[in-house]
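Close look at the chain arrangement
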Amino acid sequence: MSTLAIQGCQWGDEGKGKITDYCASKADVVVRSQGGNNAGHSIVHQGQRYALRLLPSGIFNPRVVNVLSDGVVINPWGLLEEIDGVKKAGVTSFQLLISNRAQIVMPYDVDLDHARELALGNAKIGTTGRGIGPTYEDMASRTGIRMGDLLEPHYLKERLHEVLFIKNKELEAFGAKTYEEDELYAKLLALVPLLGDYIQDTSSFLSKCLGEKKKILFEGAQGAMLDIIHGTYPYVTSSSPLSNAIPFYCGIPVNSVENTLGIVKAYTTRVGAGPFPSEILDVDKAHIIREKGHEYGTVTKRPRRIGWIDCAELRYVKSLTGVHDVALMLLDVLGDLDEIKICNGYVLDGVSIDTMPSTVEAVGRLEAKYLSLPSWKGDISSVKRYEDLPPEAKNYIATIENLTGFHIVMVSVGPDKEETIIRKEVF
Ligand code: GDP
Ligand code: IMO
Ligand code: MG
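Scoring rules and cut-offs
- Residues numbered from 1 in each chain as written.
- Chains lettered and ligands numbered in written order.
- Predicted model: local features only at pLDDT ≥ 70, side-chain atom pairs only at ≥ 80, totals over all residues.
- Heavy atoms only, no water.
- Domains from an automatic or database assignment.
- Contact = heavy atoms within 4.5 Å.
- Buried area = accessible area lost by both parts, 1.4 Å probe.
- Salt bridge = Lys/Arg side-chain N within 4 Å of Asp/Glu carboxyl O.
- Helix = DSSP H or I, 4+ residues; strand = E, 2+ residues; numbered from the N terminus.
- Expected span 1.5 Å × (residues − 1).
- Buried < 20%, exposed > 50% of the residue type's maximum accessible area, 1.4 Å probe, protein only.
- Arc of directions from axis to C-beta.
- Polar contact = N/O pair within 3.5 Å; in protein donor to acceptor, adjacent residues only side chain to side chain.
- Core = buried A, V, L, I, M, F, W, Y, C linked by side-chain atoms within 4.5 Å.
- Donors = N, O, S within 2.8 Å, 3.2 Å for Na, K, Ca; no water.

**Focus: the domain arrangement of the protein chain**
Annotation of the protein chain at the domain level lists domain 1 (3-99 + 200-260), domain 2 (103-194) and domain 3 (264-422). Computed over C-alpha atoms only, the centres of domain 2 and domain 3 are separated by 37 Å. Between domain 2 and domain 3, the contact holds six residues from the first and five residues from the second. Together, the buried faces of domain 2 and domain 3 total about 360 Å²; carbon and sulfur atoms form 45% of this surface. A per-residue breakdown of the area domain 2 buries against domain 3 is headed by Gly126, Thr128 and Arg130, which together make up 70% of the total. Joining domain 2 to domain 3, the criterion identifies zero salt bridges.

**With respect to helix α2 (residues 76-88)**
End to end, α2 covers 18 Å across 13 residues, agreeing with the expected 18 Å (1.5 Å per residue, within 8%). Those residues of α2 that fall on the buried side of the exposure criterion are Pro76, Gly78, Leu79, Glu82, Ile83 and Val86. Across the axial projection of α2, the buried residues extend over an arc of 150 degrees, all falling on one side. For α2, exposure combined with an orientation more than 90 degrees from the buried face picks out Glu81 and Lys88. The opening residue of α2 is Asn75, an N-cap whose side-chain oxygen sits 3.1 Å from the backbone nitrogen of Trp77. Positive backbone phi, at 95 degrees, marks Gly90, one or two positions downstream of α2.

**Remarks on the side chain of Gln222**
With respect to the helices and strands, Gln222 occurs in the loop between β10 (216-219) and α9 (246-250). Residue Gln222 is classed as buried on the basis of its relative accessible area, which comes to 8%. Within the structure, the side chain of Gln222 is placed 3.0 Å from the side chain of Gln34, a separation counted as a polar contact. In this view, Gln222 contacts Gly8, Gly12, Glu14, Lys16, Gln34, Gly35, Asn38, Ala39, Thr237, Ser239 and Pro241; residues no more than four positions away in its chain are not counted.

**Focus on the nonpolar core**
In terms of nonpolar packing, the biggest core is built from 72 residues, with Leu261, Leu331 and Tyr396 touching the most fellow members. Per-element accounting of this core gives the leading share, six residues, to helix α11 (residues 311-321). In this structure, this core is formed jointly by two domains, domain 1 (3-99 + 200-260) and domain 3 (264-422), each of which donates at least three residues. Apart from residues no more than four positions distant in its own chain, Leu331 is found in contact with Ala266, Trp376, Ile380, Ala393, Tyr396, Ile397, Val411 and Ser412.

**Focus: helix α4 (residues 132-140)**
Taken together, the buried positions of α4 are Ile132, Gly133, Pro134, Thr135, Tyr136 and Asp138. Contacts made by the buried residues of α4 are with β6 (73-74), β8 (103-104), α3 (107-120) and α5 (153-173). Backbone geometry just after α4 places Arg142 at a positive phi near 60 degrees.

**Brief notes about the coordination of the magnesium ion (ligand 3)**
Distances from the magnesium ion (ligand 3) to its protein donors, Asp13 (OD) and Gly40 (O), fall at 2.0 to 2.1 Å. Note that Asp13 is positioned in the loop between β1 (3-8) and α1 (16-24) and Gly40 in the loop between β2 (29-32) and β3 (41-45), a separation of 27 residues in sequence. Taken as a pair, Asp13 and Gly40 share a single burial class, namely buried.

**Overview of the pattern of salt bridges**
Under the counting rule described, the total for this entry stands at 27 salt bridges. Among the ionic pairs, Lys26 bridges to Glu425, the shortest N-O distance being 2.7 Å. Residue Lys26 is found in the loop between α1 and β2, and its partner Glu425 is found in the segment after β20 (420-422); the two are separated by 399 residues along the sequence. Take Glu425: its relative accessible area is 49%, and that puts it in the partly exposed class. In this structure, the salt-bridge partner of Glu279 is Arg305, at a minimum N-O distance of 2.9 Å. Taken together, the residues span a long stretch of sequence, with Glu279 in the loop between β12 (268-270) and α10 (283-292) and Arg305 in strand β13 (residues 305-307) at a distance of 26 residues. Three or more residues joined by partner-sharing salt bridges are found here, namely Arg116, Glu137, Asp138, Lys167 and Glu170.

Right under this line is the structure:
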């Protein structure tokens, strides 16, 4: 298999970073196709934990070319901080390419993100506050500034003049501070000596790699239920985290993604507002899982909401993406419980349904139907072979496979690369 997409199958934070890092040792190229520094991918590299936001998870491997493609929204100042962070950690030789078509998250986009959330009051989305939504709005409303513009100072100046007029009007409407054109222009120009060498046409780079049969890993960000169209709208992010969208965001043919590996947490988490049918409302029970799984946002440090695995939601994601092979993550976390529940369908207004309603109002009214399984009551983090898992753990895995039609090809039993059980190599 020479191309593989990593697909988050829940509401993000499924453990995509760990699996991308695991697969990156076999990759020539690792690509982020969408999202921005709203993502937070934790990786344990040589015993040390790193939180990557924009940098692809292949950054620790000097042979890998890491690509931030056309569909990614880039906060260049955040990116520079991240590059500094990995350099300080001793990673000096890395390869990075930034698309000339990638949108820049401008300082006013971050301000507008905060201003909008404030204006929404109780209906706020609970965004990461990184300006992601406003930047994708800039792209769609054709008022964005792109990384390639930095390399053409005269055009950049004209462009900034045009768009800042509109953006300042929006900022004024929210009572937020406005921006001075010359100052912002100088701030953007100062990026050129720092980032200019990384900027290029990544779409043609990737086409060339595809032609040469290079091994390309597409690192997903966010999760399917945060998809701008098919997720729990409007409590979603502003791009499509579905593997279906990778060719579009990267500027490559539709058949470029040969296989998709779904990443599924052994339970479910959600950070931010919005409906969550299998949420565990018992605060003490949720607390046990949250603490054992360190379920606090990588980017915002917010405590993540905790729920049981939801096979109805996973079947929906299977129908959206066609994902078949799956890595089941954080299974070790469930070892301390007496009972583990699995949501396997919903009741809406007294009627059983197995589809995802389109409004969050209806998703919020869903009652989850559960099966209950016994836990294995023990530490499985040192288990290396599937056969050596306790029977209750194998039963849990087989039940999820039966209810979803997924084939669980990897089982993760700890944050380290070594704490991974491989049933089938997919890359
Ligand atoms: P991502 O956004 O999908 O990359 O996931 P995050 O990095 O935000 O969250 C996953 C968290 O789980 C990180 O803290 C990982 O280090 C951790 N993790 C990944 N796999 C496992 C596992 O199998 N067991 C445990 N206990 N932690 C894991
Ligand atoms: P990774 O890649 C979890 C959520 C936010 C909020 C909603 C919109 O680490 O899995 P945004 O800032 O994107 O406009 O926020 O989306 N969100 C994530 N939740 N993991 C992520 O990324 C997320 N990226 C965005 O919490 O609910
Ligand atoms: Mg994350």
